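So you can see what is in the structure, the chains are spelled out below.
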Amino acid sequence: MRKTFTCITLALLLIHSGALQAQEPRLTYELRPGESYVLEIDLQQSTHSESIDSEEISFYSMTSMVFRIDSTDAHNNYHMSVQYNDLLISMLAPQLDIDISSSSGKNLMLTALVDLLEKETFYLMMSPAGELKNLEGLDALFNTLESQPAADTMEQGVILNTLKEAYGPHAFSSLFNLFVWIYPVISPMSNWTNDLTYYFNTKPVKVVNRYYLSKTTDDMLVIQGLGMLNATKEFHETTDMGEVKSTVSGSQTYDFQVDRESGWLKRCVSRQRVMIETTILKSNYFPPGLKIPSYTETSFEVKGRRMQ
């Protein structure tokens, strides 16, 4: 009798365990060909440099992207068409005599280049976890922007560099890695880590993001995360200060709310703090070995939805 009771108890435990496992949400994308999804990224950034001039730089961008799911392949990768939409960019650096704003409409060159950027389509391939596997067409798009005739080539250069840092291939892949590649390679899982490359001021930085599934409801998952940013090497370059080397380090927090059915982001609030320490190697103005730290605070508010 005891043996029979033990067998029944074990069977019930196995059934209960299987039921719990079945209730675990699948942390992956479930997107359908023909559907389109939107991401809107509101970015506010301020940089303070402890140089002699105590430079202050303020940067703001609004990036809206439409992702159309064209097809899936045998490995369940998603092939998408992407378009920028309703872009807004503003940069103010008084010490560098830079004041750029696409919202004012005063700079006709900036307005024309942003309009061109919004009209074109580029393409990508994404894994079921959200990892960017391939990106095509965005380089060619910026080559088209650079070929546009301009009376003031210096102004054109400043505008193109600003647009490329905000919307170019490195900027796009960075934002995609931060806010789309948020799932583990193997699912289900409650704790996982993704290693990615993030371009900060054109510098490639390694980011280790650790995520935790903190809450589930019938229609939404809440995922929280912490990222650590570190450059794998020192960067050597020639600037207005002379020959310098710099190191990059920082951290970033994430609070994701995602749609349980599709896996697409509904909302994310994220904060990033990065420190760059610049060391003078050779300069006509500063002594060699002088270290100049700068701090950049960035806040992201991201909203997503499926287009009806």
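A few points on the structure. Small disclaimer: the values here were computed from a predicted structure and weren't measured.

Conventions and cut-offs
- Residues numbered from 1 in each chain as written.
- Predicted model: local features only at pLDDT ≥ 70, side-chain atom pairs only at ≥ 80, totals over all residues.
- Heavy atoms only, no water.
- Pairing = 2+ DSSP bridges.
- Helix = DSSP H or I, 4+ residues; strand = E, 2+ residues; numbered from the N terminus.
- Axes fitted to C-alpha atoms, helices over the stretch in contact; angles between N-to-C directions.
- Left-handed = near helix turned anticlockwise from the far one by under 90°.
- Contact = heavy atoms within 4.5 Å.
- Nonpolar A, V, L, I, M, F, W, Y, C, P; charged D, E, K, R; others polar.
- Buried < 20%, exposed > 50% of the residue type's maximum accessible area, 1.4 Å probe, protein only.
- Polar contact = N/O pair within 3.5 Å; in protein donor to acceptor, adjacent residues only side chain to side chain.

Here we come to the pairing of strand β3 (residues 78-93). As defined by bridge partners, strand β2 (residues 56-72) adjoins β3 across 13 bridges and the pair is classed as antiparallel. When the bridges of β3 are listed, R68 appears paired with S81. Taken together, the five bridges between β3 and strand β5 (residues 122-126) define a ladder with antiparallel strand orientation. Bridge pairing in β5 links S81 to Y123. Here β3 pairs with strand β4 (residues 98-101) via four bridges, running antiparallel. By the bridge assignment, M91 is partnered in β4 with I100.

So, on to the packing of helix α2 (residues 108-119) against helix α4 (residues 153-167). For the pair α2 and α4, the least separation of the axes is 10 Å and the interaxial angle reads 35°. Read as a crossing pair, α2 and α4 show a hand that is right-handed. Of α4, the residues touching α2 (which contributes M109, L110, L113, V114 and L117) are E155, Q156, I159, L160, L163 and Y167. Of the residues that constitute the contact of α2 with α4, the class distribution is nine nonpolar, one polar and one charged.

This part is about the environment of S174. When you line up the elements, S174 lands in helix α5 (residues 169-179). Since its relative accessible area comes to 2%, S174 is described here as buried. Apart from the residues within four sequence positions on either side, S174 is in contact with T197, Y198 and Y199. At a separation of 2.9 Å, a polar atom in the side chain of S174 contacts the main-chain amide nitrogen of Y199.

Bringing unusual backbone geometry into the picture now. At N76, a residue that is not glycine, the phi angle is positive and equals roughly 65°. Tracing the backbone through its elements, the reader meets N76 in the loop between β2 and β3. The phi angle at T202 is positive, at roughly 70°, despite the residue not being glycine. Take T202: it is sitting in the loop between β7 (191-200) and β8 (203-216).

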